[in-house]
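In case you want the letters, here they are:
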Amino acid sequence: MPEWLEAWVWGLVGGAALVIGAAVAWFARVPSRVVAWIMAFGAGVLISALAFDLMDEAERTGGLLPTALGFLGGAVAYVLANVALARRGARHRKRSHGRQPSEEEVQGSGSAIAIGALLDGVPESVVLGLSLLGGGGIGVSVLAAVFISNVPEGLSSAAGMKQAGRSARYVFGVWGGIALASGAAALLGNLLLGGAAPQTIAVITAVAAGAILAMIADTMVPEAFEEAQLVTGLITAAGFLTAFALERL
């Protein structure tokens, strides 16, 4: 299988977890505390993957200063975009209940939530495409982190969309579109950077890592803590340790 096609497939697999989570939320009633536990676990898994896979690899190939600048740049870019979307009704796009506004309450919030969900997913997908460069195969720990974190993300956000009165067409259109966009982002990341210098790839990987960490802090952890509360840290630590052990094995 061509490398670019493999990148598309794995990006699509990671994005499909969002659709799975949305389907569970739409057709079944999952206790909000269970969603919070899974969200906390997924946050820990992602933190481990970006620390031991993304940042470690970026620093070894690109050096500390470029990696640090890329990381900060990714975090700043994500936060600025997130602030702009929050003002348009997407602030609580991952909340499972009582926070997401309806279209009647905030005009244009539906589009803002969809764009926000896309913003959350693109950095992860680009990283999946980059992990295939050099013929080393997909980074299993990164793929697992993306998939595990995307299920509760889709579940929680879709539950909030449903309570806000969004239609099934909107909910599955958003997550299905983002799954396709995830595949496209992984494909483009692989194609466009296939001949790039290792330092360039390192910086872009660090940018994605910074954006992912900002996303975890801004959206995943608050949703998890709202319901899981004092056990949030323990469950997050369990997710971190699980991903760390998977990466070492």
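Residues numbered from 1 in each chain as written. Predicted model: local features only at pLDDT ≥ 70, side-chain atom pairs only at ≥ 80, totals over all residues. Heavy atoms only, no water.

- Per an unreviewed UniProt entry, the protein goes by the name Integral membrane protein and belongs to Amycolatopsis methanolica 239.

Let's talk about a nonpolar patch on the surface
At step 1: A surface patch of nonpolar side chains, about 430 Å² in accessible area, is lined by Trp4, Leu188, Leu191 and Leu192.
At step 2: Looking at the nonpolar patch element by element, the count peaks at three residues for helix 6 (residues 168-192). (Patch = residues over 30% accessible without salt bridge, like charges linked within 9 Å, V, L, I, M, F, W, Y side chains within 5 Å. Areas by Shrake-Rupley, 256 points an atom, 1.4 Å probe, with all protein chains shown as cover. Salt bridge = Lys/Arg side-chain N within 4 Å of Asp/Glu carboxyl O. Helix = DSSP H or I, 4+ residues; strand = E, 2+ residues; numbered from the N terminus.)

Remarks on the environment of Trp8
At step 1: Counting through the fold element by element, Trp8 comes out in helix 1 (residues 3-27).
At step 2: Looking at Trp8, the relative accessible area reads 32%, which means it is partly exposed.
At step 3: Separated by 121 residues in sequence, Trp8 and Gly129 have C-alpha atoms that sit 7.5 Å apart. (Buried < 20%, exposed > 50% of the residue type's maximum accessible area, 1.4 Å probe, protein only.)

Let's talk about the pattern of salt bridges
At step 1: The final tally for this structure, using the stated rule, is two salt bridges.
At step 2: Measuring nitrogen to oxygen at the nearest pair gives 3.2 Å for the salt bridge that ties Arg60 to Asp56. You can see Arg60 and its partner Asp56 sitting in helix 2 (residues 32-62), four residues apart, about one turn around the helix.
At step 3: Classification of Arg60 by relative accessible area gives exposed; the value is 54%.
At step 4: Here Arg60 makes a salt bridge to Glu57, at a shortest N to O gap of 2.6 Å. Placement of both Arg60 and Glu57 in helix 2 is noted, with a separation of three residues, approximately one turn of the helix.

Some thoughts on the packing of helix 2 against helix 5 (residues 140-163)
At step 1: Two numbers describe how helix 2 lies on helix 5: the axes approach to 8 Å, and their chain directions differ by 150°. When the interaxial angle is binned, helix 2 and helix 5 end up roughly antiparallel. By crossing handedness, the relation of helix 2 to helix 5 is classed as left-handed. On the side of helix 2, the interface is formed by Val35, Ile38, Met39, Phe41, Gly42, Val45, Leu46, Ala49, Asp53 and Leu54, while helix 5 contributes Ser141, Val142, Ala144, Ala145, Val146, Ile148, Ser149, Pro152, Glu153, Leu155 and Ser156.
At step 2: The residue makeup of the contact of helix 2 with helix 5, split by class, is 15 nonpolar, four polar and two charged. (Axes fitted to C-alpha atoms, helices over the stretch in contact; angles between N-to-C directions. Parallel < 35°, antiparallel > 145°, perpendicular 65-115°, else oblique. Left-handed = near helix turned anticlockwise from the far one by under 90°. Contact = heavy atoms within 4.5 Å. Nonpolar A, V, L, I, M, F, W, Y, C, P; charged D, E, K, R; others polar.)

Let's talk about the UniProt feature "transmembrane region" (unreviewed entry) in the protein
At step 1: Those residues carrying the UniProt feature "transmembrane region" (unreviewed entry) are residues 7-27, 34-52, 64-85, 126-148, 168-193, 200-217 and 229-246 in this numbering.
At step 2: As annotated, residues 7-27 comprises 100% helix and 0% strand, and the C-alpha atoms at either end are separated by 31 Å.
At step 3: Measuring from the first to the last C-alpha atom of residues 168-193 gives 37 Å, for a span that is 96% helix and 0% strand. (UniProt positions renumbered as here; feature names shortened; annotations may be inferred.)

A look at the packing of aromatic side chains
At step 1: What the rule picks out here adds up to four aromatic pairs.
At step 2: Taking the centre distance of 5.6 Å and the plane angle of 65° together, the rings of Phe52 and Phe240 count as edge-to-face. One end of the pair, Phe52, is in helix 2; the other, Phe240, is in helix 8 (residues 232-248), and 188 residues separate them in sequence.
At step 3: When the ring of Phe52 is compared with that of Phe244, the centres are 4.9 Å apart and the planes differ by 55°; the resulting orientation is tilted. Of this pair, Phe52 sits in helix 2 while Phe244 sits in helix 8, and the two are 192 residues apart along the sequence.
At step 4: Residue class for Phe52 comes out partly exposed when judged on its relative accessible area of 27%.
At step 5: Take Phe244: its relative accessible area is 27%, and that puts it in the partly exposed class. (Phe/Tyr/Trp six-rings, centres within 6.5 Å; stacked < 30°, edge-to-face > 60°.)

Here's the deal with the packing of helix 5 against helix 6
At step 1: Running from amino to carboxyl end, helix 5 crosses helix 6 at an angle of 150°, the nearest separation of the two axes being 10 Å. Of the possible angle classes, the one that applies to helix 5 and helix 6 is roughly antiparallel. At the point where helix 5 passes helix 6, the crossing takes the right-handed sense. Contacts from Gly154, Ser157, Ala158 and Met161 in helix 5 reach Tyr170, Val171, Val174 and Trp175 in helix 6.
At step 2: Looking at the contact of helix 5 with helix 6 residue by residue, the class counts come to six nonpolar, two polar and no charged.

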